[in-house]
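These are the residues of each chain, in order.
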Amino acid sequence: MRAYVALKLLVTICVVTSGAYAQSDNSLRVYSYLTPTFLDPVLEAFEAETGVRVSAEYMTANQLLDRLVAEKENPQADIVFTMEAMRLAKLVDADVLAPVVVDDLKAAIPEQYRHPAGLWFGLSKWTRTVFFAKDRVDVATLSSIKDLANPVWKGRICVRPSNKIYVQTMLAALIARSGEEATRSFVRGLVANLARDPVDLDLVQIDGIVDGVCDVAIANSYYYGRLIPQSRNPDVKRILDAVGIHYVDQDAQGAHMNVSGYAMVKGANNPNDARKLMSYMIRPAVQRLYADASMDHPIVSGLKPHRGLQSLGIFIEDDQPLHELGKHYELVEQISREEGWLWK
């Protein structure tokens, strides 16, 4: 748990679930699942520059969806921020988002990171990829995520349970690229190679490598990135010295990607200021402000990530449209259950 504890020192996640805004409040109203530590500085800068007052309410992803559905006839938010392609798909399916046609958003954000009808737009991106023990693994043997199904990795892999949303989107992307049978074969082989039953939290997988429980793990890149600014901490230094990040599928489709995103609420009471904020989010300085705090990669083409992430090397991204993955999630669950990837 050392990586998890170290990261908790850096980021405190607030969850606010208190009452809805009054109808007389003419501020720009935000519902967010994103971490306040990362988003609040952006909203404060927007408010200072434009004079538009912003009221932000933070909650869990499920609370956010439930609130928007419950308030569908009388919307209490103008903009929502959340993370992960599957959560964005759930908002689209719930019919709580409004299409937005803003030319600068379309021009700045690559098409795979936005909804084609303008129902949501990417704010930042990250990759879910392989982490490895620097002293025990030759990464030349891992060119693809699918290589983890090879018996050479038997008893050497740590992963989260397959019901976790990041895992489901990764497998949905694999189905979209390689089909059901290849995905099923990957899951079957991966399960056969696990060092232990799946346990929750990506940082626990990284700890597993440090502790010698496993040699490789699958996790989101930002978890590792958020440790880099703490590298003077002896416990964190031990993690960074022992564990490396490896971008896979570089000679094929590119590394699997995921996003944090934002959208306008259907029936928003303040759509003009909402559009202003949406355009504000793609300014280079704003992208840098958010991404440097979250240790995500900026969504806008041509912007480099935090120098700590740059030190890990550049990589080719999968250009698969994330909005198309929703049709595969049901099959992801079926395969995971049938092939024994622990679902709990």
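Residue positions are counted from 1 within each chain, in the order its sequence is given. Only residues with pLDDT of 70 or above have their local features reported here, since the model is predicted, and side-chain atom pairs are shown and tallied only from 80 upward, although totals for entire chains, interfaces and linings are computed over all residues. Only hydrogens and water are removed before side-chain values are computed, so all heavy atoms of the structure are retained for them.

## Here we look at the overall build of the protein chain
The condition is simple: In this text, helices come from DSSP runs of H or I with a minimum length of four residues, and strands from runs of E with a minimum of two, each type numbered from the N-terminal end. Radius of gyration: C-alpha atoms only; globule rule: 2.2 Å multiplied by the number of residues to the exponent 0.38. Residue burial is assigned from relative accessible area. The probe radius is 1.4 Å, only protein chains are included, and a residue is buried under 20% of its type maximum, exposed over 50%, and partly exposed in between. Contacts: residue pairs with any heavy atoms within 4.5 Å of one another. To be clear on the numbers: accessible area is Shrake-Rupley with a 1.4 Å probe, and residue cover counts the displayed protein chains and nothing else. Under the convention used here, Asp and Glu are negative, Lys and Arg are positive, and both His and the chain ends fall outside the count. By convention, the point assigned to a charge is CZ for Arg, NZ for Lys, CD for Glu and CG for Asp.
Within the protein chain one finds 14 helices and 10 strands. In summary, the protein chain has a C-alpha radius of gyration of 20 Å against a globular reference of 20 Å for 344 residues, a match within 12%. Residue burial in the protein chain is summarised as follows: out of 344 residues, 57% are buried. Across the protein chain, the fraction of contacts at a sequence separation of at least 24, relative to all contacts at a separation of at least 6, is 79%. Taken as a whole, the protein chain presents about 14,300 Å² of accessible surface, with 51% of it coming from carbon and sulfur. Of the charged side chains in the protein chain, 37 are positive and 42 negative, and the gap between their average positions amounts to 3 Å.

## Re helix α14 (residues 329-338)
So the rule is basically this: Each C-beta atom gives one direction from the helix axis, and the arc is the one those directions make.
Within α14, the full set of buried residues consists of Tyr329, Leu331, Val332, Ile335 and Ser336. Angularly, the buried residues of α14 cover 155 degrees about the axis, an arc narrow enough to put them on a single face. Buried residues along α14 sit against α4 (85-93), α6 (165-178) and α7 (180-192). Gly340 occupies a position one or two residues after α14 and carries a positive phi of about 85 degrees.

## Concerning the packing of aromatic side chains
Where we set the bar: For this analysis, a ring pair means two rings from Phe, Tyr or Trp (six-membered ring only for Trp) whose centres lie within 6.5 Å, classed as stacked if their planes differ by under 30 degrees, edge-to-face if by over 60, and tilted for the remaining angles.
Under the criterion given, the structure shown has nine aromatic pairs. For the ring pair Trp126 and Tyr166, a centre distance of 6.2 Å and an interplane angle of 85 degrees mean the geometry is edge-to-face. A residue pair is termed long-range when its members are at least 10 positions apart, and Trp126 in strand β5 (residues 121-133) and Tyr166 in helix α6 qualify at 40 residues. By way of ring pairs, the aromatic residues Trp126, Tyr166, Tyr222 and Tyr223 are connected into one cluster.

## Digging into the state of the cysteines
Here is the idea: a disulfide is a covalent bond, and it sits between the sulfur atoms of two cysteines. The following threshold applies: Throughout, disulfides are identified as pairs of cysteine sulfur atoms within 2.5 Å of each other.
The full count for this structure, using the stated rule, is one disulfide. A sulfur-sulfur distance of 2.2 Å marks the disulfide that ties Cys158 to Cys214. Because the torsion about its S-S bond is -110 degrees, the bridge between Cys158 and Cys214 counts as left-handed. Of this pair, Cys158 sits in strand β6 (residues 157-158) while Cys214 sits in the loop between α8 (202-210) and β7 (216-220), and the two are 56 residues apart along the sequence.

## Observations regarding the pattern of salt bridges
Here is the rule we go by: The salt bridge definition used is simple: a Lys or Arg side-chain nitrogen within 4 Å of an Asp or Glu carboxyl oxygen.
Taken as a whole and assessed by the stated rule, the structure comprises 23 salt bridges. In this structure, the salt-bridge partner of Arg160 is Asp200, at a minimum N-O distance of 2.7 Å. A residue pair is termed long-range when its members are at least 10 positions apart, and Arg160 in the loop between β6 and α6 and Asp200 in the loop between α7 and α8 qualify at 40 residues. Residue Asp200 is classed as partly exposed on the basis of its relative accessible area of 31%. Within the structure, one salt-bridge network assembled from shared partners comprises Arg128, Arg160, Lys164, Asp200 and Asp202.

## Examining the environment of Met281
Looking at the secondary structure, you find Met281 in the loop between α11 (271-280) and α12 (284-294). A relative accessible area of 0% places Met281 in the buried class. Once the C-alpha coordinates of Met281 and Tyr262 are considered, the two residues, 19 residues apart in sequence, prove to be 9.4 Å apart. Residues within four places of Met281 in sequence aside, it is in contact with Leu39, Val42, Phe81, Leu123, Tyr262, Val286 and Gln287.

## Brief notes about the confidence of the model for the protein chain
Reading fine detail from the predicted coordinates is not recommended where pLDDT is low. Counted only if it meets this: Per residue, pLDDT captures the predictor's confidence, and it can take any value from 0 to 100.
Per-chain confidence: the protein chain averages 92 in pLDDT, with 92% of residues scoring 70 or above. Low confidence marks residues 8-24, where pLDDT is under 50. Its contacts with residues over four positions away, or in another chain, come to 39 contacts.

## Focus: the environment of Phe186
Position of Phe186 relative to the elements: it lies in helix α7. Measuring from C-alpha to C-alpha, the distance between Phe186 and Ala219 comes to 17 Å, with 33 residues separating the pair along the chain.

## Observations regarding the pairing of strand β1 (residues 28-32)
Filter applied, for reference: Two strands are said to pair when DSSP picks up at least two bridges between them. If you view a crossover with the strands going away from you and the path from the first strand over the helix to the second runs clockwise, you call it right-handed.
For β1, a buried count of five out of five residues is recorded, marking the element as mostly surrounded by other parts of the structure. Two elements, β1 and strand β2 (residues 54-58), share five bridges in a ladder whose sense is parallel. Opposite Ser32, over in β2, you have Tyr58 as the bridge partner. What joins β1 to β2 is helix α2 (residues 36-50), and the crossover it makes is right-handed. Two strands pair when backbone bridges link them, and β1 and strand β3 (residues 79-83) are joined in this way by three bridges, in the parallel orientation.

## A short note on the nonpolar core
So the rule is basically this: To define a nonpolar core, start from buried Ala, Val, Leu, Ile, Met, Phe, Trp, Tyr and Cys residues and group those joined through side-chain atoms within 4.5 Å.
By size, the foremost hydrophobic cluster in this structure holds 112 residues, and its most contacted members are Phe81, Leu148, Tyr262 and Leu277. Per-element accounting of this core gives the leading share, nine residues, to α6. Not counting residues within four places of it along the chain, the set of residues in contact with Phe81 comprises Val30, Tyr31, Ser32, Tyr33, Leu34, Leu39, Leu64, Leu123, Gly261, Tyr262, Leu277 and Met281.

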